[in-house]
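Structure assessment
Listed below are the residues making up each chain.
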Amino acid sequence: MPTPPYEPLPAFPPGFLWGAAASAFQTEGAADTDGKGPSGWDAFAAAGRIRDGADASRGTGFHARYREDVALLAGLGADAFRFSVSWPRVVPGGRGPVNARGLDFYDRLVDELCRHGITPAPTLYHWDTPLPLDEAGGWLDRDTAERFAEYAAAVAARLADRVGMWMTLNEPAEVTLLGYALGEHAPGRRLLFDALPAAHHQLLAHGLAARALRAAGARRVGVAVSHSPVLAAGEGEADRAAAGLYDTLTNHLFSDPLLTGAYPDGAIASLMPGPVAEDLAVIAAPLDFYGVNYYHPMVVGAPKEGAPSGFGGVAVPGDLPFGLREYPGAERTGFGWPVVPEGLRELLLGLDARYGRRLPPVVVTENGCSYDDAAEDHRRIAFLDAHLRSLHRAIGDGVDVRGYFTWSLTDNIEWVEGAAQRFGLVHVDYATLERTPKASYRWYREVIAAQKGRAAS
Ligand code: GBH
C-alpha cells in the first residue's frame, strides 16, 4: 500500500491533460431550481428505485456549491474539469423553449473554471433524459435524437466560446444495457435484445449533436464510451462464442459505428431502425478525440441452464445467450469490482490495433474506484497509481493518449447505489454536504505537480 512519500510516476508526454470528472444528476441537486424540469432519473429516484430509498435529489449540492468544488480543482492543479450539462435544466420539456436560467448556471460554472485556468470539458448527456421524452419512448424514439441535437445547439450557442473540449454522450452501452435491456437504470425498460434501437438512436444523437456543435464553432468534439476487455470464462467454443457476442454488444457496437461507420455485425445492423446507412454516415463524422471510460474487465461464458447470472449487483436473465462470471483472483473495490490495472493498457492496445489510423487521439475520460475510507484512502491511491502506470505503458507502446480524468472529484450519488458507493478524491458528508479532501486528493495534487515539474502547493 503506497504511503507518503510516494514513488513518482514516470513522465507523461508534454501537454498531457490532468483532470477530474463528475456528472449533473450525481452532484447538482437543485432538481427544480430556476425552471429545471424533471429527468427520467428524478422520476426513477422518486419511485424508490435508489438503494435504501435514499433521496438523491440533493446530490452533493453542486449547483449551490460549485465555487467550492472549482476551488478544490484549482487546489489540485487540474488542467480540466469534466462535468455534464443537465438536459432538462436547459430544455425542461425536452422539446420547445430553452430555459435561459438553466443555461445561466453553466455560464457561471464555465466562467469560474476559466478564471482559475481550468479547461471546461462538458458532456451533454450523462443519462438524465428530460422526463417527457422518456415518457414518449426515450431512446427508442428517433425523435429523441433530433431533440438532443437542438439542445446541443442551444448549449453551444451559449458556451462554445469558452469550452475547450466537448463530449456528446456518456456510455451509450450502459444506457442501452442497464436502462433499456435489463431495466436496472432509468427508464427501467426490460426489453433484452429489443433494446438495440436505443443504441442506434443514441449514436445518431451523437452524430447530429456533433454536427450542431461544429456549426456553433465548438473547438474539440468527442464522446465518452465505456470499454472493458472481455475474457472468455473457458476455452470451449460455447464460452468463446458467448464472450465474443458480449464483446460485440458492449464494446464494438458503439466504437465501430463511431470510428468506421459500420456496425460490427450484419445481424445487429439489420435490427436497427431507420435509414441505417445514411445514419451511419452522420454517426461516423471525424472526432477530435475519443473518450474511454475504464473500470474493469468482464468475464463472460455460455449461460448455465436457465440460471440467472450476475455481476456487481446486476442480474442477467438466464434466457440471454451469455452469462457474467466473477473475475478470478483479483483484489476488489468497495463495489466488488476486480482491480485489474493491466486491463486499461490492454483495451487501449486493442482499440489501436482494431482502428489504426482511424482512432483519433484518446482521452481517458473516467477511471476510478469506490472505497468507503473517508480520509486515509490508500487503496484508492494504489488503484489510481497502478492504472496510471498501465496507461503510461500503453503510451510507450505507441497509443496516442492525451489526457486522464479520474472519477470522481467528490463522492457523489452512485446511481441506484445512492450514497453507498464513494468514488471521490474528496469526501462528502451527505448530512451537511461538507467537503473534506482525502489522502488521494493530496496524492493526485503531488502527481500533477511532479508531472509539471513544480512542487505541490
Ligand atoms: C460510469 O459507469 C458512469 O459514467 C459514472 O456516472 C459512474 O458513477 C461511474 O462509472 C462509476 O460507476 O454490472 O455487469 O453491468 C459505470 C461503468 C461499466 C462499471 C459496467 C460497472 C459493471 C458491469 N460500468 N460495469 S455490470
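Residues numbered from 1 in each chain as written. Predicted model: local features only at pLDDT ≥ 70, side-chain atom pairs only at ≥ 80, totals over all residues. Heavy atoms only, no water.

- Within an unreviewed UniProt entry, the label attached to the protein reads Beta-glucosidase, and the organism entered is Streptomyces sanyensis.
- UniProt lists a comment for the protein under the heading Sequence similarities (unreviewed entry), and it reads "Belongs to the glycosyl hydrolase 1 family."
- The record in UniProt for the protein states the following under Catalytic activity (unreviewed entry): "Hydrolysis of terminal, non-reducing beta-D-glucosyl residues with release of beta-D-glucose." (UniProt positions renumbered as here; feature names shortened; annotations may be inferred.)

**Some details on the sheet that holds strand E11 (residues 323-325)**
- With respect to topology, three strands assemble into an open sheet ordered E6-E8-E11, the strand pairing being mixed. This sheet does not close on itself; its edge strands, each paired only once, are strand E6 (230-232) and E11. Taking each pair of neighbouring strands and ignoring which way they run, the sheet shows an average axis angle of 40°.
- Relative to strand E8 (residues 298-301), E6 is paired through three bridges, and the arrangement is parallel. From the neighbouring strand, Val-230 faces E8, where its bridge partner is Met-298. (Pairing = 2+ DSSP bridges. Helix = DSSP H or I, 4+ residues; strand = E, 2+ residues; numbered from the N terminus. Axes fitted to C-alpha atoms, helices over the stretch in contact; angles between N-to-C directions.)

**Regarding the sheet that holds strand E12 (residues 362-366)**
- The strand order E1-E2-E3-E4-E5-E7-E12-E13 describes a closed barrel built from eight strands, whose pairing is parallel. Each neighbouring strand pair of the sheet contributes to a mean axis angle of 25°, computed without reference to strand direction.
- Inspection of the sheet shows strand E5 (residues 220-226) paired to strand E7 (residues 290-293) by three bridges, in the parallel sense. The residue bridging Ala-224 from the neighbouring strand is Gly-291, located in E7.
- Each of strand E1 (17-21), E12 and strand E13 (401-407) touches helix H14 (residues 378-396); the most contacted strand, E13, lies at about 165° to it. (Contact = heavy atoms within 4.5 Å.)

**As for the site of the ligand**
- Every one of the 19 residues lining the ligand counts as a neighbour, but Gln-26, His-126, Glu-171, Glu-414 and Trp-415 are closest to it.
- For the ligand, an oxygen atom lies 3.2 Å from a polar atom in the side chain of Trp-407.
- If the ligand stood free it would expose 580 Å²; the protein chains cover 93% of that surface.
- In terms of residue class, the shell around the ligand is built from 11 nonpolar, four polar and four charged. (Near = heavy atom within 4 Å. Polar contact = N/O pair within 3.5 Å; in protein donor to acceptor, adjacent residues only side chain to side chain. Areas by Shrake-Rupley, 256 points an atom, 1.4 Å probe, with all protein chains shown as cover. Nonpolar A, V, L, I, M, F, W, Y, C, P; charged D, E, K, R; others polar.)

**Considerations on the packing of helix H3 (residues 62-76) against helix H15 (residues 439-451)**
- Between H3 and H15, whose axes approach to 8 Å, the crossing angle comes to 50°. Our classification of the angle between H3 and H15 gives oblique. The residues of H15 that touch H3, namely those facing Leu-72, Gly-75 and Leu-76, are Tyr-441, Tyr-444, Arg-445 and Ile-448.
- Within the contact of H3 with H15, the residues separate by chemical class into five nonpolar, one polar and one charged. (Parallel < 35°, antiparallel > 145°, perpendicular 65-115°, else oblique.)

**Considering the packing of helix H7 (residues 142-159) against helix H9 (residues 196-215)**
- The N-to-C vectors of H7 and H9 enclose an angle of 30°; their axes lie 8 Å apart at closest approach. Classed by the angle they form, the pair H7 and H9 counts as roughly parallel. Two packed elements cross with a definite hand, and for H7 against H9 that hand is right-handed. For the pair H7 and H9, contact is made by Arg-142, Ala-145, Glu-146, Phe-148, Ala-149, Ala-152, Ala-153 and Ala-156 and by His-201, Leu-204, Ala-205, Leu-208, Ala-209, Ala-212 and Leu-213, respectively. (Left-handed = near helix turned anticlockwise from the far one by under 90°.)

**Re the nonpolar core**
- Judged by nonpolar contacts, the single largest core of 137 residues is most densely connected at Phe-148, Trp-166, Tyr-290 and Leu-391.
- No other element matches H9, which puts 10 residues into this core.
- In contact with Phe-148, not counting residues within four places along its chain, are Trp-87, Leu-124, Tyr-125, Trp-139, Thr-168, Leu-169, Ala-205 and Ala-209.
- Of all hydrophobic cores here, the second largest spans 15 residues; its members include Ala-80, Ala-121, Phe-335 and Phe-423. (Core = buried A, V, L, I, M, F, W, Y, C linked by side-chain atoms within 4.5 Å. Buried < 20%, exposed > 50% of the residue type's maximum accessible area, 1.4 Å probe, protein only.)

**Description of the pattern of salt bridges**
- Counted under the stated rule, the structure contains 32 salt bridges.
- Of the charged contacts, one joins Arg-345 and Glu-342 as a salt bridge, the two residues approaching to 2.7 Å between their closest N and O atoms. In this pair, Arg-345 and Glu-342 both sit in helix H13 (residues 342-355), three residues apart, roughly one turn of the helix.
- Between Asp-397 and Arg-345 there is a salt bridge, and its shortest N-O distance comes to 2.6 Å. With Asp-397 in the loop between H14 and E13 and Arg-345 in helix H13, this pair connects stretches of sequence that are 52 residues apart. (Salt bridge = Lys/Arg side-chain N within 4 Å of Asp/Glu carboxyl O.)

**Digging into unusual backbone geometry**
- With an omega dihedral of 5°, the bond running from Ala-186 to Pro-187 counts as a cis peptide bond.
- Relative to the helices and strands, Pro-187 is located in the loop between helix H8 (172-181) and H9.
- The omega torsion across Trp-407 and Ser-408 is 15°, close enough to zero to call that bond cis.
- Inspection of the secondary structure puts Ser-408 in the loop between E13 and strand E14 (426-429).
- Even without being a glycine, Leu-192 presents a positive backbone phi close to 45°.
- You can see Leu-192 is positioned in the loop between H8 and H9.
- We note that Trp-415 has phi near 50°; this positive angle belongs to a residue other than glycine.
- When you line up the elements, Trp-415 lands in the loop between E13 and E14.

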